[in-house]
Amino acid sequence: MNLILAQYKASVLSLSRNPGYFIGSIVFPAVFFLFFVPSSAPSTLEANFAMGSFMIFAMMGALFFGFAVGIAQDRASAWAVYERTLPGSPYVRLVSRVLNGFTFAVGAVVVMAVVAHLTTPAHLSVAAWGRLVLALVAGAIPISLLGFAIGYLASPKGAGTLAQLFYLPLSFLGGLWVPPQNLPEVVQKISQFTPTRHWGDVVWPAVTGQAWKAQDFLSLAVFTLIFGVLALWGYRRDQGQRFS
Amino acid sequence: MTQTLTASYTAALEGRAVARLDRVSKRFGKTQALKGVSLEVYPGELLALLGPNGAGKSTAISLMAGLRRPDEGMVRLFGFDPRDPKARLHLGVTPQETGLPSELRVYEVLDLVQAYYPHPMPRGELLERFGLVGLERRQCGGLSGGQKRRLAVALAFAGNPKLVILDEPTTGLDVEARRSLWEGVRRYQAEGGTVLLTTHYLEEAEALASRVVVIDHGRTVVEGTVGEIKARVGLRQVRFRAPEVPSLEGVSKLKRENGTIVLYTPDSDAVVRQLVQKNVPFSDLEVQSVSLEEAFVALTGSR
């Protein structure tokens, strides 16, 4: 436990001094929100909807993008090899990495909430906040696993580009920037197959006060399974290459 | 020295090697990195693993540090499989200094590494021993090459280990930095620590090692005390002009190159003394040390 804490502290310090990650995961989504939302969301309902969407977008930056790039870089780093010689299980690093990603994800969500409340009429009841947090976590799991899969399967240099190729299109296709019903018809069809759309489908009811549909959680579970298998396969393959 | 050796042999009899490769083979793709190598590191000794680049030194070390699994044979560290974290509780390894986390400050890196060990060396002592006092708050990325190296070496000692593995610790260091690092290693050994060192400098092995193992092409070529290895590997070349040479003691190899006599010997002083005593009318005398690479040729008769 102390080990995980020490490792966690070091990676949070390290990442918070890395302007690329810090700006990409916390500042950029908030700025993006400021550009597009305040002028186009006059009502509380619209503002809530946009806030939910952008919280997903922000969490994706910290989790999906952070894991994909962080893991891929680690696979090429001499320091990670050194850490394997320290008397701790490799899972210490894994757990600390997850905690670390979620720390920045929470930071990004909090910043987004503050920005939304300052610049739009967004407002949620305590119960709605509870539902929102649950919905955010439900979607964060499969998207994190997709980040892990890319981090382990892509080449260390290619992972950044590949993650970028997923990150922005998934955000657009999932209806995070433009609500799904306003997307072109073709895009709406493709949208059904993205994990981000299903993430939105559990977040939007939470912020607009509608009932959840079980099938949306089920879809997220299916994505979790698929990405989980990919991530596990990638992890095993990487460990086999570097440490056997 | 004698004490160390006695301790080593006693340990050998009791089978108390702190680290051990037992008939280990390891292949990477088409490269056979190790071919049935056996190697023991005994408590209190400083074992130098010597060999040219690509000989298999790094592979041997990565096996002992638990980074790799052998294809054949067995690896033990303090009696356990080194892939088991508890085997590594008393092991210290140096990271490559190019890999130090550049955003972290020196003390933050030390804190992180020390958190892994039950009885780490007090931070002040560690900083003082490795010339890092005053650099605690500097970010690793901003350290000079020499400072990074000192930090990297300090990390191997941060956990108060019983065995330290140093992989070419002085490659690229200037003479002064090298001496001070040697000083630190000697001090650690004097306090009872065990060291496994890889190097391609015979001089370094000579300065530090109580025992030397030479590996090449994935096999153990020769193993012995520094003196024994020096007698075989630490050759000097003596060249001079002379019409003829009487038989001389301590000459490993002699050849003639158009009127010039070239001979290889572990003790050039003794050879020159003999030349004088035997009134050999020599001229243009030159004595040169022989590189390890050349010595390997003499030793293995290949390459």
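Source: prediction; values computed, not measured.

(A) Layout of the overall build of chain B. The helix and strand inventory of chain B stands at 10 helices and 13 strands. Residue pairs in contact within chain B that sit at least 24 positions apart in sequence constitute 68% of those at least 6 positions apart.

(B) Representation of the sheet that holds strand S10 (residues 236-241) of chain B within the structure. Residues and elements named next belong to chain B. Spatial strand order, S11-S12-S10-S13: four strands in an open sheet with antiparallel pairing. Both edges of this open sheet fall to strand S11 (253-257) and strand S13 (283-289), since each of them pairs with a single strand only. On average, each strand axis in the sheet is inclined to that of its neighbour by 15°, with strand direction left out of account. Sheet topology places S11 next to strand S12 (residues 260-265); five bridges connect them, and they run antiparallel. Looking at S12, one finds that Leu254 is bridged to Leu263. Across the face of the sheet, helix H9 (residues 268-277) comes into contact with S10, S12 and S13 while running at roughly 25° to S10.

(C) The interface of chain B and chain A, seen in detail. Taken together, the contact pairs 26 residues of chain B with 22 residues of chain A. Among the secondary structure elements, those contributing two or more residues to the side of chain B that touches chain A are strand S5 (91-93) and helix H3 (106-114) of chain B. Partitioned by chemical class, the residues of the side of chain B that touches chain A number 15 nonpolar, four polar and seven charged.

(D) Structural view of unusual backbone geometry. Residue and element names in this part refer to chain B. A positive phi angle is found at Asn160, which is not glycine, with a value near 55°. Tracing the sequence through the fold places Asn160 in the loop between helix H5 (145-157) and strand S6 (163-167). Judged by local crowding, Asn160 falls into the partly exposed class, with 17 C-beta atoms found within 10 Å. One non-glycine residue with positive phi stands out, namely His217, at about 50°. You can see His217 is positioned in the loop between strand S8 (211-216) and strand S9 (219-224). The exposure class of His217 is partly exposed, given the 17 C-beta atoms found within 10 Å.

(E) Highlighting helix H9 (residues 195-208) of chain A. Residue and element names in this part refer to chain A. Here H9 is 14 residues long and its end C-alpha atoms lie 20 Å apart, about the 20 Å a rise of 1.5 Å per residue gives. Counting buried positions along H9 gives 12 out of 14 residues, so the element sits mostly inside the fold. Considered for burial, the residues of H9 that qualify are Pro195, Thr196, Arg197, His198, Trp199, Gly200, Asp201, Val202, Val203, Trp204, Ala206 and Val207. Looking at the packing, one finds that the buried side of H9 touches helix H3 (44-75), helix H6 (126-153), helix H7 (158-173), helix H8 (185-191) and helix H10 (214-242). Within two residues after H9, Gly209 carries a phi angle of roughly 70°, on the positive side.

(F) Spatial organisation of the pairing of S8 of chain B. All names here are of chain B. S8 sits mainly inside the fold: six of its six residues count as buried. Alternating residues of S8 divide into Arg211, Val213 and Ile215 and Val212, Val214 and Asp216, and every residue in both groups is buried. Where strand S3 (residues 46-50) and S8 come together, four bridges link them in parallel fashion. Its bridge partner lying in S8, Ala48 is registered against Val212. Pairing of S8 with S9 involves five bridges; the strand directions are antiparallel. Paired with Asp216 across the bridge in S9 is Arg219. The hairpin turn running from S8 into S9, its antiparallel successor, is two residues long, and His217 in that turn takes a positive phi close to 50°.

(G) Expanded view of H6 of chain A. In a regular helix each residue adds 1.5 Å, so 28 residues correspond to 40 Å; H6 of chain A covers 41 Å between its end C-alpha atoms and thus fits that length. Along its length, H6 of chain A shows its largest kink, about 25°, at Ala140 of chain A, and proline Pro142 of chain A lies within four residues downstream of that point.

(H) Region of interest: the packing of helix H2 (residues 19-36) of chain A against helix H5 (residues 90-119) of chain A. All names here are of chain A. Running from amino to carboxyl end, H2 crosses H5 at an angle of 25°, the nearest separation of the two axes being 9 Å. Put simply, H2 runs roughly parallel to H5. Between H2 and H5 the crossing geometry is right-handed. Along the contact surface, H2 presents Ser25, Ile26, Pro29, Ala30, Phe33 and Leu34, while H5 presents Phe104, Gly107, Ala108, Val111, Met112, Val115, Ala116 and Thr119. For the contact of H2 with H5, the per-class residue count stands at 11 nonpolar, three polar and no charged.

Conventions used here
Residues numbered from 1 in each chain as written. Chains lettered and ligands numbered in written order. Predicted model: local features only at pLDDT ≥ 70, side-chain atom pairs only at ≥ 80, totals over all residues. Helix = DSSP H or I, 4+ residues; strand = E, 2+ residues; numbered from the N terminus. Contact = placed C-beta atoms within 7 Å. Pairing = 2+ DSSP bridges. Axes fitted to C-alpha atoms, helices over the stretch in contact; angles between N-to-C directions. Nonpolar A, V, L, I, M, F, W, Y, C, P; charged D, E, K, R; others polar. Buried ≥ 20, exposed ≤ 12 C-beta atoms within 10 Å, placed from the backbone. Expected span 1.5 Å × (residues − 1). Bend = angle between axes of the 7 residues up to and from the residue. Parallel < 35°, antiparallel > 145°, perpendicular 65-115°, else oblique. Left-handed = near helix turned anticlockwise from the far one by under 90°.

By themselves, these observations are geometric and do not establish any function.
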